[in-house]
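Understanding the architecture of this molecule
So you can see what is in the structure, the chains are spelled out below.
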There are 2 protein chains.
Amino acid sequence: MTESTTPRKHIVVLGAGFGGVAFCQAFPEGLADITLVDRNNYHLFQPLLYQVATADLSPADIAEPIRTIFDRRRDIKVLMDEVSGIDLAKRTVTMQRRTLTYDYLVLAVGARTGYFGNNEWARHAGGLKGIDDALNIRNRVLTAFEEAENCLDPEQVRRLTTFVVVGGGPTGVELAGALGELTRRVLRRDFKNIDTSQARVFLIQGASRLLPPYHQALSEYARQKLVKLGVDVRVSARVTRVGPQRVELDNGKVIEAANIIWCAGVEANPLTRKLGLPTDRTGRLKVEPDLRLPGHPEVLAIGDIAALTDARGVDVPGVAPAALQMGRYAAKVIEAQLRGRTPPRPFVYFDKGSMATIGRAAAVLEVGRLRMTGFFAWMGWLLVHLAMLVGFNNKVSVLTEWIFRYITYRQGARIITTPRTDELLRDAT
Amino acid sequence: MTESTTPRKHIVVLGAGFGGVAFCQAFPEGLADITLVDRNNYHLFQPLLYQVATADLSPADIAEPIRTIFDRRRDIKVLMDEVSGIDLAKRTVTMQRRTLTYDYLVLAVGARTGYFGNNEWARHAGGLKGIDDALNIRNRVLTAFEEAENCLDPEQVRRLTTFVVVGGGPTGVELAGALGELTRRVLRRDFKNIDTSQARVFLIQGASRLLPPYHQALSEYARQKLVKLGVDVRVSARVTRVGPQRVELDNGKVIEAANIIWCAGVEANPLTRKLGLPTDRTGRLKVEPDLRLPGHPEVLAIGDIAALTDARGVDVPGVAPAALQMGRYAAKVIEAQLRGRTPPRPFVYFDKGSMATIGRAAAVLEVGRLRMTGFFAWMGWLLVHLAMLVGFNNKVSVLTEWIFRYITYRQGARIITTPRTDELLRDAT
């Protein structure tokens, strides 16, 4: 290779989500040294995360070790570490264990749950962005039913078996549907003191309909399907306050619920705000048409932390396909520069369509003008998600789980695995 | 049924391990009201627990919700709660949430890791009895390699990549073999700064050979297989002290290791000692030939907490088949009494043989005078363990994992899922 005669450039990629992984996969082997940093040792397939929260899947089913993805790429070094700061002037990234110097930096640190400035609500209403969130929800939901089964106070039983999902986007819709199914069907035979089908699942949506980016007809289909699953859907309802086991809406209604899950918003990783560069309302970095940061052509931002209206005037959404496309595009930008070629034309987002599933054998699917609902949309959703899952092993085990669940109405991961706090400080009895 | 005219007796079963579950399954439906209490919501298939620790399997693969096992038994109520005390005189069981009154009590609370009076060693050398233990080991082992990959101090790298398994019984042998395979083969391609095949796995055994209850030839086979997997086997070596990242042996040797795992002993659940009844050295309750507690014919102890020399003079061992047999026997004892029939003859343990696996495609198997090693023993081990796994779904997913792993040398659950401590107290940046 011609590059091997000159010292190789060092590219640091922060974040191994869809954007960071796509960048590394698309970047030609041997052209530079790449260090990929993530605080976890796995790449997470976020679109199926809600199924971990509802005990359908195990964490390992939707998480692939980052090292395994790149085990044949000798030019890519993977580090598990947490980034504490970035110095754009010195071109360094400070982590908890060491500091890296870069020639190019690819920022792909993604988003986290956002509370529109009410961060104190996080105490009472956890989000669903990581595996820890999903396990937390799984443990809390299952524990709530266990406590209710054991509880003699009807008021408390009602609170324990009430679930509130805030946010009527795809995550909220999918989670509420899965909770509806879990309570109405899966758990029903399991409990004998309580009737789990009396459990209440609320879905609170601020906008006037569910899944706002979709066509009106699909929103209505989703609403009807959710109602059939026993979900109490409230549109045009804004949350004004979240307290312990309690949600207040702007129409004055108060819902008492042991489990409140926040799917109403995301904000960019707070690292972005520390850079002193222009960001949008949710903390996303404003990027040039080629994804570079203004004034820092050696730094590119991709995925959920990049705010961009593309060359065709489309606001690039914070979804997995956009992150994938930006990752591949960023690889071309740096490759062109290293090879001394013409830079690629400005980034254009290609909308491949959207899909969301609502419980068993129902989904909505929208690709351009094509709209689909029902069983075939669900089969489409299933195939696309399986095809996108990274490792072969994950595909097999997720497919096994899905087939099993479809046949038996049972969920495979209904176990409560809260770590004991006394793990190391065992009693001396 | 004739029983329905008189008020039904209430049987409380504490513990949903092999013994407690076998009791409930064997007890005739409708003859009494049964309440089954466990602090977890799942029945754990402990023989495969080490595979969760070595990232082969996910927790849900070897755990079945207790409610699901008994969802068709209307006479069995399942409660998830922690027992805090038992009053034999008043016939009550106090739990964290409520108190139960019983006519019959079946104690099946099992064993926990035992340190021969050195409970402070637990801080530095965790055991392998529950899912929390297994996840703790998995997270620590994987994190140690991640830290080593990122570490510039060779001394510290050596410490991070040294593993000590204390105890040469089946659990210790199986765990050490799996760790040998993990470091030598599975992780090898994943890491680029460190050579994981340089990792050291020590197996420390106090007795003069591994797997003491087996025939000498099998012990030797197991030792040779482990050595081939890179395990440093030390027999006739006693641990005299365990400190932070440090094990001292009676021959003066000191091993510095970031991960020390204790498989050298178990002791009965401490509940047994609070009863004021005779126990053996490891806290097991001495029981009558029909498993009843002396002076308390309404209380039976089964499984790992019962100390018994059976009618044929055999000391019943603390293994899964013994717990299953005791559970079924206890059901017969209470059934006979309720139906006014002749009580069954004293309990006799039927030794079905033992087996242990050592890494890939090797195992030892001993049934009476039949001894077997190698691939066919391993196939036997595999089939028996699959057949004994409770739920159909678990069988399918475990089989999938095993086949996948056999073909690819990869492990499916190599993810670090330590819960974040700041989960609810997110930063305000």
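Residues numbered from 1 in each chain as written. Chains lettered and ligands numbered in written order. Predicted model: local features only at pLDDT ≥ 70, side-chain atom pairs only at ≥ 80, totals over all residues. Heavy atoms only, no water.

1. Examining the domain arrangement of chain A
Residues and elements named next belong to chain A. Segmentation of chain A into domains returns domain 1 (2-39 + 81-113 + 267-339) and domain 2 (119-264 + 353-408). On a C-alpha basis, the centres of domain 1 and domain 2 stand 33 Å from each other. Counting residues at the interface gives 5 residues for domain 1, matched by 5 residues for domain 2. Both sides together, the interface formed by domain 1 and domain 2 hides about 430 Å², and carbon and sulfur atoms give 62% of it. Contact with domain 2 buries surface across domain 1, with Ala111, Arg112 and Thr113 losing the most and accounting together for 62% of the total. The interface formed by domain 1 and domain 2 contains 0 salt bridges. On the surface where domain 1 and domain 2 come into contact, there are 0 residue pairs in polar contact (both at pLDDT 80 or more). (Domains from an automatic or database assignment. Contact = heavy atoms within 4.5 Å. Buried area = accessible area lost by both parts, 1.4 Å probe. Salt bridge = Lys/Arg side-chain N within 4 Å of Asp/Glu carboxyl O. Polar contact = N/O pair within 3.5 Å; in protein donor to acceptor, adjacent residues only side chain to side chain.)

2. Some words on the sheet that holds strand E24 (residues 354-357) of chain B
All names here are of chain B. One open sheet holds the 3 strands; their spatial order is E24-E25-E26, and the pairing between them is antiparallel. A single partner strand is all that each edge strand has here, and the edge strands are E24 and strand E26 (370-373). Taking the axes of each pair of neighbouring strands and ignoring which way they run, one obtains an average angle of 5 degrees across the sheet. Examined bridge by bridge, strand E25 (residues 363-367) and E26 share 4 bridges and lie antiparallel to one another. Within E26, the position partnered with valine 367 by the bridge is leucine 370. (Pairing = 2+ DSSP bridges. Helix = DSSP H or I, 4+ residues; strand = E, 2+ residues; numbered from the N terminus. Axes fitted to C-alpha atoms, helices over the stretch in contact; angles between N-to-C directions.)

3. Some details on the pattern of salt bridges
The tally for this structure, following the rule as stated, stands at 38 salt bridges over all chains. Across the salt bridge formed by arginine 189 of chain B and aspartate 71 of chain A, the nearest N and O atoms sit 3.4 Å from each other. Here arginine 189 of chain B, found in the loop between helix H6 (170-186) and strand E13 (200-204), pairs with aspartate 71 of chain A, found in the loop between helix H3 (66-69) and strand E5 (76-80), and the two come from separate chains. Among the residues examined, arginine 189 of chain B registers a relative accessible area of 40% and is labelled partly exposed. In this structure, arginine 67 of chain B engages glutamate 146 of chain A in a salt bridge whose closest nitrogen and oxygen atoms are separated by 2.6 Å. One end of the pair, arginine 67 of chain B, is in helix H3 (residues 66-69); the other, glutamate 146 of chain A, is in helix H4 (residues 131-149), on a second chain. Here the salt bridges share partners, and the residues they tie into one network are Arg159, Arg241, Arg246, Glu248 and Glu256 of chain A. (Buried < 20%, exposed > 50% of the residue type's maximum accessible area, 1.4 Å probe, protein only.)

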